[in-house]
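If you want the building blocks of each chain, they are given just below.
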Amino acid sequence: MGTATKYVSKKPDENGFIHWSEEENRVWHDLVTRQLSVIEGRACEEYINGLRLLDLPRDRVPQLEEINCVLRKTTGWECVEVPALIDFDRFFSLLAAKRFPVATFLRRREEFDYLQEPDFFHEVFGHCAMLTNPAFAEFTHTYGRLGYEASKEDRVYLARLYWFTVEFGLLRHNGDIRIYGGGILSSPGETEYAVTSDKPEYREFDTVDIMRTPYRIDIMQPIYFVIDDIGQLYELARQDIMGMVQQAKSLGLHAPVFPPKNNKETTGDYV
């Protein structure tokens, strides 16, 4: 999803094999090695358990089928190769079918630290480990089904729920903050910022409040919503999420707590 990208996804061959270059294998190795050290003691147990199950190679970019073998056995999910950008209809329809979209391109070394587009590293290292967890996988599946049937207007409210959970979600563990959101787990800067700095605001998890909270995709998040455990997402999947969307719409958006881009209000500055 998005508006523009300079990257193009790699197409698999007739056997479903994606041919990564030696440089891409080196970039993958360096990204994984660095991030594994950054997330130590900061990622939630469910994520660490998922990483152990996936057993991602470090010396080369993994093939999607290697990941899918694990996901199918644990939760019935699988990854599917998609272009660098897909529309919301395709995104929601894939999640509704327990298929996680993965853009098959890897960031270039000159964008090693930050890439706005979700690349292969973000999708696989950031998200796939959590998809081995049944509660998280069920929430993501329910989200996809609801989103596929929702109106364009309602999808904007659902997008905020996804952003503050699947992408930038935090949870409490023995009094400490731990990460389960893939947008944080694939970012060294945001991993340290979210857990060890005193800059962000931590809010209690409230679905309607989340849906009313604007965000910007190109900054460190000033607000995170914290769940008590992953089971809370499973319980949410059994509640009336679309009723909460209507409630959020009637209450209206909160004022953004971040400055607009270029110090002027423009459409597209936030969601």
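The text that follows walks through the structure, step by step, so that each part is easy to find.

About the criteria used
Residues numbered from 1 in each chain as written. Predicted model: local features only at pLDDT ≥ 70, side-chain atom pairs only at ≥ 80, totals over all residues. Heavy atoms only, no water. Axes fitted to C-alpha atoms, helices over the stretch in contact; angles between N-to-C directions. Helix = DSSP H or I, 4+ residues; strand = E, 2+ residues; numbered from the N terminus. Parallel < 35°, antiparallel > 145°, perpendicular 65-115°, else oblique. Contact = heavy atoms within 4.5 Å. Nonpolar A, V, L, I, M, F, W, Y, C, P; charged D, E, K, R; others polar. Phe/Tyr/Trp six-rings, centres within 6.5 Å; stacked < 30°, edge-to-face > 60°. Buried < 20%, exposed > 50% of the residue type's maximum accessible area, 1.4 Å probe, protein only. Lys NZ or Arg CZ within 6 Å of the ring centre and 35° of its normal. Salt bridge = Lys/Arg side-chain N within 4 Å of Asp/Glu carboxyl O.

### Thoughts on the packing of helix 1 (residues 22–39) against helix 9 (residues 188–196)
Here is step 1 of the chain: Put simply, helix 1 and helix 9 touch, their axes get as near as 10 Å, and they point 5° apart. For the element pair helix 1 / helix 9, the angle class is roughly parallel. On the side of helix 1, the interface is formed by Arg-34, Gln-35, Val-38 and Ile-39, while helix 9 contributes Pro-188, Thr-191 and Glu-192.
Here is step 2 of the chain: Per-class residue counts for the contact of helix 1 with helix 9 are 3 nonpolar, 2 polar and 2 charged.

### So, the packing of aromatic side chains
Here is step 1 of the chain: Across all of its chains, the model carries 18 aromatic pairs by this definition.
Here is step 2 of the chain: Seen from their ring centres, Tyr-47 and Phe-125 are 6.1 Å apart, and the 70° between their planes marks the pair as edge-to-face. Here Phe-125 lies in helix 5 (residues 120–128) and Tyr-47 lies in helix 2 (residues 45–54), a separation of 78 residues in the sequence.
Here is step 3 of the chain: The class for Tyr-47 is buried, based on a relative accessible area of 0%.
Here is step 4 of the chain: A residue is classified by how much of its surface remains accessible, and Phe-125, at 1% relative accessible area, is buried.
Here is step 5 of the chain: Taken together, Trp-20, Trp-28, Tyr-47, Phe-120, Phe-121 and Phe-125 form an aromatic cluster joined through their ring pairs.
Here is step 6 of the chain: Across the ring face of Tyr-7, the terminal group of Arg-108 is positioned such that the distance to the ring centre comes to 4.4 Å.
Here is step 7 of the chain: Between the NZ or CZ atom of Arg-160 and the centre of the ring of Tyr-157, over which it lies, the distance is 4.8 Å.

### Remarks on the pattern of salt bridges
Here is step 1 of the chain: By the definition in use, this model includes 23 salt bridges.
Here is step 2 of the chain: The closest approach of N and O atoms between Glu-153 and Lys-249, which form a salt bridge, is 3.5 Å. Of this pair, Glu-153 sits in helix 7 (residues 152–167) while Lys-249 sits in helix 12 (residues 241–251); the two residues are 96 residues apart in sequence, bridging distant segments of the chain.
Here is step 3 of the chain: Residue class for Glu-153 comes out partly exposed when judged on its relative accessible area of 47%.
Here is step 4 of the chain: Ionic pairing is found between Asp-209 and Arg-203, a salt bridge with its closest N-O pair at 3.8 Å. Here Asp-209 and Arg-203 have matching classes, each one buried.
Here is step 5 of the chain: Through salt bridges that share partners, Glu-23, Arg-26, Asp-30 and Arg-109 make up one connected network.

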